[in-house]
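The lines below spell out each chain.
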Amino acid sequence: MQSKLEQRFHIDFRYDIYFSNDLFSQSNDEFKRYLSNASDPSFKQKLLFVIDSGVADTHPRLMTQLTNYHLELENIVLVPEPLIIPGGEICKNDPVHLDNIIQAVDQHGIDRHSYIVAIGGGAVLDLVGFAATISHRGIKHIRIPTTVLAQNDSGVGVKNAINYKGKKNFIGTFNPPHAVFNDAVFLQTLDDRSWTSGIAEAIKVALIKDRSFLSWIDANSSALCDRNSAVMETLIYRCADLHLAHIRNGDPFELGSSRPLDFGHWSAHKLEQMSNFELLHGEAVAIGIAIDVYYSYLIGNIEEADAIDVLKLFRRLGLPTYYSLLDSSDARRILFSGLMDFQEHLGGKLTVVLLMTIGEGKDYHHIDYQLMDQAIDFLKQFNGDYEN
């Protein structure tokens, strides 16, 4: 008698990223067309919107637009009252917001043929995607990112999560969205910090994937600082494309221990917590990249001039390369514990991506803490010299 049964099957994931402008205006039928093409005439599919409170405040016409926009759709039932939740890390830190989404799913009868549509920054997209995944074992979710960082990075990926026990993204899932709509109109109301912080993720992917893209960012840094919309839309498109290529050709569900797209993030996640989330994610990523770029020089991989050019690019863009809390040796010990958190999160040996050269990353499994401390010392000095 056979003592083993083998089961194997393949699931094909596909989702498109649409680049649009004023998505819910009556003259723009892109979202309607998507829903119409994806609809099943056998079902009345419900549509529950979950909206970042900051977006709702800065776009007061959005509620009316949503109501009017969907009046003409067949087989789609719009839940009349969108759920408004706070944006930023607070929504991922406090489980009441997860409970509220699940309660709305139950209250409005959102089934697996229906959609939850998240409109907001990366934290809201993370939370909504996680809630959708665990409700009814998986409800379709659509992302409408409203920040630079979400449109070029987190919003186009496959991960969802909430924070737990002080650890970022400790509880989460891999569940691709059914579609992503990047609407440029939302970028116009971002404050300057939110506008520039998302550029850090573009620099990240350029440093490890595409030197020519880094040169393009450098050449267009003044236009980006001046909030040139066309240049920003190009940056978002190219950055999103590089992220998608990595997900498609790499390890989309992170079954291994390598996460190239988390270059600079081992310290960034810890810095966010240490600053009580006063640092925006992109700002923390800029500092984390700065640390790892200069460390890459100290281990002999890149020239010091190249490392300093990256630091100067961050500063020209208004992004930080150092955080004063790191003046303390105790704070640095806490920061270095982020390496252990990183290893635990990966579920394997420590794997940190560093630069082999500008435009190419490589996995490393050991960190020299003395050299890392030396890198931070240099950033402190560089920061002081730059500001003086």
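Structure shown above.
Residues numbered from 1 in each chain as written. Predicted model: local features only at pLDDT ≥ 70, side-chain atom pairs only at ≥ 80, totals over all residues. Heavy atoms only, no water.

## As for a nonpolar patch on the surface
A cluster of nonpolar side chains, namely Phe9, Ile11 and Phe13, defines an oily patch on the protein surface of about 350 Å² accessible area. Within the element layout of this structure, Phe9 appears in the segment before strand E1 (16-20). (Patch = residues over 30% accessible without salt bridge, like charges linked within 9 Å, V, L, I, M, F, W, Y side chains within 5 Å. Areas by Shrake-Rupley, 256 points an atom, 1.4 Å probe, with all protein chains shown as cover. Salt bridge = Lys/Arg side-chain N within 4 Å of Asp/Glu carboxyl O. Helix = DSSP H or I, 4+ residues; strand = E, 2+ residues; numbered from the N terminus.)

## Quick word on the pattern of salt bridges
Summed over all chains, the structure comprises 16 salt bridges. Of the charged contacts in the structure, one is a salt bridge between Asp126 and Lys92, with a shortest N-O distance of 2.7 Å. In this pair, Asp126 sits in helix H6 (residues 122-134) while Lys92 sits in helix H4 (residues 90-93), placing the two residues 34 residues apart along the sequence. Ionic pairing is found between Asp327 and Lys380, a salt bridge with its closest N-O pair at 3.7 Å. Taken together, the residues span a long stretch of sequence, with Asp327 in the loop between helix H15 (304-316) and helix H16 (329-346) and Lys380 in helix H17 (residues 369-387) at a distance of 53 residues. By relative accessible area, which is 42% here, Asp327 ends up partly exposed. (Buried < 20%, exposed > 50% of the residue type's maximum accessible area, 1.4 Å probe, protein only.)

## Notes on the environment of Thr146
For Thr146, the position within the fold is in the loop between strand E6 (140-145) and helix H7 (148-152). Looking at Thr146, its side chain comes within polar contact range of the main-chain nitrogen of Gly121, at 3.4 Å. (Polar contact = N/O pair within 3.5 Å; in protein donor to acceptor, adjacent residues only side chain to side chain.)

## Remarks on helix H13 (residues 265-274)
Along H13, nine of the 10 residues are buried, which leaves the element largely enclosed by surrounding structure. Listing the buried residues of H13 in full gives His265, Trp266, Ser267, Ala268, His269, Lys270, Leu271, Glu272 and Met274. Immediately downstream of H13, the backbone of Asn276 shows phi near 55°, a positive value.

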